[in-house]
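This is what each chain is made of:
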Amino acid sequence: MFLRRALLAFWGLGLVTATGMAWANPVVRDVAAKPPAGMPPGKMQSKAVPLTDEQMALVGGVTTGQLPCELAQRVLVRPHSAWPGHFDVQAGAHKFVMVPVATTTGAIRLEDAARGAVWLQLANKSMLMDQRKGRRLADACMSPAQEAVALAMQQNPAPHLLDPALAPGSPELSATK
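Counting restarts for each chain: residues are numbered from 1 in the order of the written sequence. Reporting of local features is limited, given that this is a predicted model, to residues whose pLDDT is at least 70; pairs of side-chain atoms are given and counted only at 80 or more, and all residues count toward the totals for whole chains, interfaces and linings. Hydrogens are left out, water is left out, and the side-chain values use all remaining heavy atoms of the structure.

**With respect to the state of the cysteines**
Cysteine sulfur atoms that pair up within 2.5 Å are treated as a disulfide. A complete count under the given rule lists one disulfide for this structure. There is a disulfide in this structure between Cys69 and Cys141, and the S-S distance comes to 2.0 Å. Taking the torsion about the S-S bond as the criterion, the Cys69 to Cys141 disulfide, at about 105°, is right-handed. Here Cys69 is found in the loop between β3 (65-68) and β4 (74-79), whereas its partner Cys141 is found in strand β10 (residues 135-141), with 72 residues between them in sequence. For the residue pair Cys69 and Cys141, the accessibility class agrees, reading buried in each case. Numbering of helices and strands runs from the N terminus, with a helix taken as a DSSP run of H or I at least four residues long and a strand as a DSSP run of E at least two residues long. Accessible area is worked out with a 1.4 Å probe on protein chains only. A residue is then buried under 20% of its type maximum, exposed over 50%, and partly exposed in between.

**Digging into unusual backbone geometry**
One non-glycine residue, Leu71, lies in the positive phi region at around 60°. Structurally, the position occupied by Leu71 is in the loop between β3 and β4. What makes Leu71 exposed here is its relative accessible area of 73%. Notably, Ala140 is not glycine yet its phi reads approximately 55°, a positive angle. On the secondary structure map, Ala140 appears in strand β10. With relative accessibility at 19%, the residue Ala140 sits in the buried group.

**Quick word on the sheet that holds β3**
Following DSSP output, two strands are said to pair if at least two bridges run between them. The eight strands lie next to each other as β3-β4-β5-β6-β7-β8-β9-β10, forming an open sheet whose pairing is antiparallel. Looking at which strands have only one partner, the edges of the open sheet turn out to be β3 and β10. Across the sheet, the mean angle separating the axes of adjacent strands is 25° when strand polarity is ignored. Pairing of strand β5 (residues 87-91) with strand β6 (residues 94-101), which is carried by five bridges, proceeds in the antiparallel orientation. When the bridges of β6 are listed, Gln90 appears paired with Lys95. Think of each axis as a best-fit line through the C-alpha atoms, taken over the contacting stretch in the case of a helix, with angles from 0 to 180 degrees between the N-to-C directions.

**A look at the side chain of Glu111**
Along the chain, Glu111 falls in strand β7 (residues 108-112). Here Arg109 takes part through its side chain, which lies 2.6 Å from a polar atom of the side chain of Glu111. When neighbours within four sequence positions are excluded, Glu111 is seen to be in contact with Val97, Met98, Val99, Val101, Ala117 and Val118. As used in this structure description, the phrase polar contact means that two N or O atoms lie within 3.5 Å; if the pair is within protein, one of them must be able to donate a hydrogen and the other to accept it, and residues adjacent in sequence are counted only when both atoms belong to side chains. Any two residues whose heavy atoms approach within 4.5 Å at even a single point are treated as in contact.

**Some remarks on the nonpolar core**
Grouped together as the largest cluster of nonpolar side chains are 18 residues, with contacts concentrated most on Val75, Met98, Trp119 and Leu128. Secondary structure elements with two or more residues in this core: β4, β5, β6, β7, β8 (117-121) and β10. Put simply, buried Ala, Val, Leu, Ile, Met, Phe, Trp, Tyr and Cys residues joined by side-chain atoms within 4.5 Å make one nonpolar core.

Functional significance is not addressed by these values, which are geometric in nature.
Have a look at this one:
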C-alpha cells in the first residue's frame, strides 16, 4: 500500500511515467542573469546615464589603463569615448559601461546597474564583481600605485585593535622612534 501511494505521489509530481521510473531533471533557470528588458544578452547599454555633479567629481579618482589581476587575468578600464563620466570596463569576454557612485568609505565605485556589475577600487587593490551572481570576476587588480600601497601595508601593518594605545611620552612610543 505504501509503495502504491509513493508511486502515485511521484507520478503526480511528474517523477514517474506510465512506463516506469523516469526521474526528471529539474530545469534550473538563472533569473538574475537575464538582461534588462530591451537589452540583448551580452550587449552594453546604448545610452548615457545622466550624472550628478557629485558623480562627475569622482571621475578624476578612477585609475584607468590595463591592470594585471590575480590568476593571470587583466582588466581594462578606460573613459568612454562618447559619454563623459562613463567608463568602459572589460575583463575577458565581460564588457560593461559603468558610472561612478558615491560611497561613504572613500572607495571608488563604478557600477553598471543594468547588468549588475561593480568595479571597486581601494587604495591597495581593485576588483570586478557580479552582484547578481554574488561572485568576483577579477580580484587583486593593481596599478603601480596600488602595488606600492599594498607593499607598504605588508611591511607596516596597522596596530592590532586590542593593543594598548600609544600615549605621547610612553616607553613604547619612544622605542619606535
